[in-house]
Amino acid sequence: MELKWYNRLRWKLFFLYFAISFVPLVIFSLTMNTVLENYFEARNEQNLLYQANKLAGTIKSNNYLTDPALSVKFSNDLDEKSTELSARIIVLDKDSVVIADTNRSETDKILIIPEVLDALQGSAAVNLREDTGKIYASAGIDDQDGQILGAILLVYGSNEIYEMLASLSHDWLFLTIFISIIIAVIVYITSSRIIKPLSRLVDSIGKIADGDLRERVDIKNKNEIGVLGNAINIMAEKLESEDSSRSEFVSNVSHELKTPLSSIKVLSESILLQDTAPEEMYKEFLQDINSEIDRMTNIINDLLSLVKLDNRESGLNLKEINLRKMLIGIMKTLYPLAKVKDIELTLEADKDIAIEADETKLSLAISNLIDNAIKYTPAEGVVKVTLENDHQNAFISVMDTGIGISEEEQPKIFNRFYRTDKTRDRETGGTGLGLAITHSTVLLHSGSIKVLSKEGSGAAFIVRLPIKQGKEEK
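Each value, and the rule that gives it
Residues numbered from 1 in each chain as written. Predicted model: local features only at pLDDT ≥ 70, side-chain atom pairs only at ≥ 80, totals over all residues. Heavy atoms only, no water. Helix = DSSP H or I, 4+ residues; strand = E, 2+ residues; numbered from the N terminus. Buried < 20%, exposed > 50% of the residue type's maximum accessible area, 1.4 Å probe, protein only. Contact = heavy atoms within 4.5 Å. Areas by Shrake-Rupley, 256 points an atom, 1.4 Å probe, with all protein chains shown as cover. Pairing = 2+ DSSP bridges. Core = buried A, V, L, I, M, F, W, Y, C linked by side-chain atoms within 4.5 Å. Axes fitted to C-alpha atoms, helices over the stretch in contact; angles between N-to-C directions. Parallel < 35°, antiparallel > 145°, perpendicular 65-115°, else oblique. Left-handed = near helix turned anticlockwise from the far one by under 90°. Nonpolar A, V, L, I, M, F, W, Y, C, P; charged D, E, K, R; others polar. pLDDT = per-residue confidence, 0-100.

Each helix and strand counted, the chain has ten helices and twelve strands in total. Across the 474 residues that make up the chain, the buried fraction comes to 37%. For the chain, long-range pairs separated by at least 24 residues make up 64% of all intrachain contacts whose partners lie at least 6 apart in sequence. Here the chain displays about 27800 Å² of accessible surface, and carbon together with sulfur accounts for 55% of that area.

Printed below as a string of structure tokens:
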């Protein structure tokens, strides 16, 4: 099937390129043949007309028509000129009677043809007669007083022109065939060079579509096909990364849900196996079970939020919101958590900044950032939130004096279920999905988020949000 596709496309390209190259060549050849034919015909007509007028002037100046003693010289001059021009020369008197004919066939006969009549009326004439294939050129012969004494007619057989054009056409045909063969060879080679890389591209795409995400296109060219191959490789790398992330995500979900389920099973079995356990133990175990169920509920809710953000099911409920007022509300909610650890929680927002956003989703995303800053900052530390803007974007910064994030871990912190300290996260009740939700929410708002941190030196998360959706700076 692949071979049939390869040959079919190759021949399509071959015939297309060949037609584009060959058809203009044929049209050019035919056009040139016609142009040359018209050119040589016009040139011969003009030359014969010139010679006719010149001979008429010679006859007039030498008095060949008025002096019978010059008849022999007149005849010899005509024969000589006829040989020179390769044309028949006929001289007529004013009554259209042939006085001299280099063919000696029309002498003393009356010759009435349009060219002769025009010449006897004082007008030079030239004409190519299609029926005979000959050119007729005539001119009037007058005396010193301007009176018409007769006419001269030159008859030129145009066969020589057509023989020359036929020879030229033969040469054109040979050249056209020769060039066409060269074009055909070049086009065939070119089409093959185009199709073979395309065939490899299609083969690689087929393998990727069948699930082999490790497949890569091996094309070194720097042309358009090379660019396409590079784009396919980048796509395959991203698909492989997504597939790996998906597998890791499923594994993480299974692990995160398995842990509380295991705890619930152990606690419930302990209750079932101890018939005479005191009431306080039952309550303690049930409270632990309730805590694990809450933990599972939080994980599931966060997962549902991520799924909606990924699939954009709910979209954005955009409206104009006041970021300063939103941040004040978040700070009031999280202040008790900071107070427990005696953390200084501050907000720097000198003015109201209005942007187009989904307040519910954005509030949750920023809350996650501040909540994380409080959780990972030791007692008596500082968490500082600032709000700024320029003419296109608003910037929210969350800075803390916490444990910081190493440079190796920073590219991974927005991955789902990734924790820099799993034990600490379990103690604080985190699901490992908060930063992933924040990242997806910011991207959904066409914004960006970055982290600046060093291990042991705190962290700063900077969120950029466009003031107007769809008009953000690229």
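So that's the structure; there's more coming.
Residues Ile449, Val451 and Ser453 of strand 11 (residues 448–453) are buried on one face, while the alternating residues Ser448, Lys450 and Leu452, pointing to the opposite face, are not. Pairing of strand 11 with strand 12 (residues 459–466) involves six bridges; the strand directions are antiparallel. Residue pairing across strands places Val451 opposite Phe461, the latter belonging to strand 12. Where strand 11 folds back on strand 12, the antiparallel hairpin that results is connected by five residues, among which Gly456 adopts a positive phi of roughly 85 degrees.

Attention now goes to the nonpolar core. Most often, soluble globular proteins have nonpolar side chains that are buried together. Within the largest apolar cluster, 38 residues are counted, with the highest numbers of intra-cluster contacts made by Leu323, Ile355, Leu362, Ile366, Ile370, Ile396 and Phe461. Contributing elements (two or more residues each) for this core: helix 7 (323–340), strand 8 (354–357), helix 8 (359–375), strand 9 (382–389), strand 10 (393–400), helix 10 (434–444), strand 11 and strand 12. Considering each element in turn, this core owes the most residues, seven residues, to helix 7. Each residue touching Leu362, except ones within four places of it in the same chain, is listed here: Ile321, Leu323, Met326, Ile355, Ala357, Thr441, His445 and Leu465. Counting 21 residues, the second largest nonpolar core, distinct from the first, contains Leu48, Tyr64, Leu85 and Ala87.

We now examine the packing of helix 8 against helix 10. Look at helix 8 against helix 10: their axes get within 9 Å of each other, and the N-to-C directions meet at 140 degrees. Between helix 8 and helix 10, the interaxial angle falls into the category oblique. Crossing of helix 8 against helix 10: the hand is left-handed. When helix 8 is examined against helix 10, the residues Lys361, Leu362, Leu364, Ala365, Asn368, Leu369 and Asn372 are found in contact with a partner set consisting of Gly434, Leu435, Ile437, Thr438, Thr441 and Leu444. Of the residues contributing to the contact of helix 8 with helix 10, the split by class is seven nonpolar, five polar and one charged.

Adjacent strands of a sheet form backbone hydrogen bonds with each other and so pair up, either parallel or antiparallel. Here five strands make up an open sheet; going across it, the order is 2-1-5-4-3 and the pairing antiparallel. Edge positions in the open sheet fall to strand 2 (98–101) and strand 3 (125–129), since each of these has one partner strand only. Geometrically, the sheet is characterised by an average inter-axis angle of 20 degrees between neighbouring strands, direction not taken into account. In terms of strand pairing, strand 3 meets strand 4 (residues 134–142) through five bridges, oriented antiparallel. What sits directly across from Asn127, in strand 4, is Tyr136. With respect to the sheet, helix 2 (residues 71–85) is in contact with strand 1 (88–93), strand 2 and strand 5 (148–157), its orientation differing from that of strand 1 by roughly 140 degrees.

The next point concerns unusual backbone geometry. In this structure, Ser96 is a non-glycine residue whose phi angle is positive, near 70 degrees. Its location among the elements puts Ser96 in the loop between strand 1 and strand 2. A residue is classified by how much of its surface remains accessible, and Ser96, at 6% relative accessible area, is buried. Even without being a glycine, Arg104 presents a positive backbone phi close to 60 degrees. In this fold, Arg104 is placed in the loop between strand 2 and helix 3 (114–120).

With that out of the way, let us pick up the confidence of the model for the chain. Of all residues in the chain, 84% have pLDDT values of 70 or greater, and the mean over the chain is 80. Predicted confidence is poor over residues 422–428, with pLDDT under 50, and the contacts of this stretch with residues over four places away or in other chains come to 14 contacts.

As a further point, take the sheet that holds strand 12. Pairing within the open sheet is mixed, and its five strands lie in the order 7-9-10-12-11. The open sheet has two edge strands, strand 7 (344–348) and strand 11, and neither has a second partner. When strand polarity is set aside, the average angle formed by the axes of neighbouring strands in this sheet is 15 degrees. Note: strand 9 against strand 10, seven bridges, orientation antiparallel. Following the sheet pairing, Val383 is matched in strand 10 by Asp400.

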